[in-house]
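One-letter residues, chain by chain:
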Amino acid sequence: MTTAAIGAGPARLHLSENPYGSSPWALKAAREALAPTAQYPDPARKDALEAIAEWARVDRAQVAVANGSDELVLLSALALGDRDRPGVTTAGTFPGYRICLTAVGRGCEEIPLDGIHTDVEAVAAAMDRAGVVYLCHPHNPSGAVLDRGRFDRLVEQAAVTGTPLVIDEAYLEFAPAGTPQVRDYLGSGAPLLSLRTFSKAYGLAALRIGYAVGSADLVAELRAVQDTMPFSVNAVAQAAAVAALADQDHLEDVHRRNALRREWFQGELLLRGRQSLPSATNFVAVPVADSATAERLLAEEYGILVRDAGRFGFAGHLRVSLGSEDDLVRLLDALDEIDPAAALPEDARPLRTAPAGAPSVC
Ligand code: PMP
């Protein structure tokens, strides 16, 4: 038995889940929607679609509701752009884009990252030859966001080339206010689609519901493919999503608590001599000497699940979800044991004071 003891169950720090849970109103709505189980769900997803359109202040024709953003990645790979051209995404990112593009026979070109960052100029240059482009923003697994100028550049190039630009905004709710997002550019005329989810900040991952907001013509193409699976979004998820959207206080609370925990965790890493990448999300990328071995040892010997970002081509980092403080302390203790090499020497560490603004408990 190692000194970082295994708790009641595995610490789930591998899937960027929400440790604060969903709005109680969403749970109530879900329970009520469970009653008539013999009935099919609304294939038009009308209530959810209208609630999202109203909340996002867009036309209903600009919204599609689906079974999680996973399904939206597949639908968009099936439906959007010139299918005779490969899809393009970056290397070192969420693998769903490549997997879906490959599965539907389009092929996928991966643009290498510039260090740990999206190479915006290289992506823009690839749009000419691409059938569709996928970018993850905020980026999984680095946690980084693009600045306004770089976002502008991508949108401008999508407009010039006519290549659909799909931005996966699964983690946008965790990012600081003012972070550029697709919704800011819907008036630009560029072919844009954002993929959003109720799995992360809304804490409804088990129910499987997400949505796309974008150019009406792209949404129409998505919806045409959705007609092959009219009941893919169950009634419980539809009802919960409507109630979750109505409880923006809960969302703000999750945003605030996640930001505090991120600051605390990154401060703790520093105090133990460890670096981490800046993050606008509910996970943090932590450099380690050997990420594959670290993932395995943490799971097998400590009961701590984290994601080796090397699996996504983002080598040398663990992606750690900002879970409960207890689980994160377990992880920090375990890392001290299995990965001391990646820590800075004691005399290069910051003084043992709390980072500015970090609460002792959050
Ligand atoms: N996109 C990204 C970047 C993700 O990290 C995930 C899940 N971790 C998804 C999409 C899929 O999310 P969901 O299907 O739960 O909406």
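1. Things to note about the site of the ligand
Okay, step 1: Taken together, 14 residues lie around the ligand, and Asp168, Tyr171, Thr197, Ser199 and Arg208 are the ones closest in.
Okay, step 2: Asp70 is positioned such that a nitrogen or oxygen atom in its backbone is 2.9 Å from an oxygen atom of the ligand.
Okay, step 3: Between the ligand and Tyr171 there is a distance of 2.7 Å, counted from an oxygen atom to a side-chain nitrogen or oxygen.
Okay, step 4: Relative to its unbound accessible surface of 400 Å², the ligand loses 92% to contact with the protein.
Okay, step 5: For the shell around the ligand, the leading source of residues is helix H3 (residues 68-79), giving three residues.
Okay, step 6: Classifying every residue of the shell around the ligand by side-chain character gives five nonpolar, five polar and four charged.

2. Topic: the domain arrangement of the chain
Okay, step 1: Along its sequence, the chain is carved into domain 1 (3-20 + 249-348) and domain 2 (24-246).
Okay, step 2: Using C-alpha coordinates to define each centre, domain 1 is positioned 27 Å away from domain 2.
Okay, step 3: Each side of the interface is counted separately: domain 1 has 22 residues, and domain 2 has 23 residues.
Okay, step 4: Surface buried jointly by domain 1 and domain 2 totals about 1,900 Å² across both partners, of which 66% is contributed by carbon and sulfur atoms.
Okay, step 5: Between domain 1 and domain 2 we count zero salt bridges in total.
Okay, step 6: One can count nine residue pairs in polar contact (both at pLDDT 80 or more) joining domain 1 with domain 2.
Okay, step 7: Broken down by secondary-structure element, the contributors of at least two residues to the side of domain 1 that touches domain 2 are helix H9 (248-271) and strand E9 (283-287).
Okay, step 8: In terms of residues, the side of domain 1 that touches domain 2 owes the most to one element, H9, which gives six residues.
Okay, step 9: Its residues assigned to classes, the side of domain 1 that touches domain 2 comprises 11 nonpolar, nine polar and two charged.

3. A word on the packing of aromatic side chains
Okay, step 1: Applying the stated criterion across every chain yields a total of eight aromatic pairs.
Okay, step 2: One aromatic cluster is present, built from ring pairs that chain together Phe94, Tyr97 and Tyr134.
Okay, step 3: Arg319 extends its terminal NZ or CZ atom over the ring of Phe283, reaching a point 5.7 Å from the ring centre.

4. Details of the pairing of strand E6 (residues 165-168)
Okay, step 1: Both faces of E6 are covered, namely the face carrying Leu165 and Ile167 and the face carrying Val166 and Asp168.
Okay, step 2: Once the chain exits strand E5 (residues 132-136) it traverses helix H6 (residues 148-161) before rejoining the sheet at E6, and the crossover so formed is right-handed.
Okay, step 3: Summarising the sheet, E6 and strand E7 (residues 192-197) pair through four bridges and their orientation is parallel. Bridge pairing links Leu165 to Leu192 in E7.

Scoring rules and cut-offs
Residues numbered from 1 in each chain as written. Predicted model: local features only at pLDDT ≥ 70, side-chain atom pairs only at ≥ 80, totals over all residues. Heavy atoms only, no water. Near = heavy atom within 4 Å. Polar contact = N/O pair within 3.5 Å; in protein donor to acceptor, adjacent residues only side chain to side chain. Areas by Shrake-Rupley, 256 points an atom, 1.4 Å probe, with all protein chains shown as cover. Helix = DSSP H or I, 4+ residues; strand = E, 2+ residues; numbered from the N terminus. Nonpolar A, V, L, I, M, F, W, Y, C, P; charged D, E, K, R; others polar. Domains from an automatic or database assignment. Contact = heavy atoms within 4.5 Å. Buried area = accessible area lost by both parts, 1.4 Å probe. Salt bridge = Lys/Arg side-chain N within 4 Å of Asp/Glu carboxyl O. Phe/Tyr/Trp six-rings, centres within 6.5 Å; stacked < 30°, edge-to-face > 60°. Lys NZ or Arg CZ within 6 Å of the ring centre and 35° of its normal. Buried < 20%, exposed > 50% of the residue type's maximum accessible area, 1.4 Å probe, protein only. Right-handed = clockwise from strand over helix to strand, strands pointing away. Pairing = 2+ DSSP bridges.

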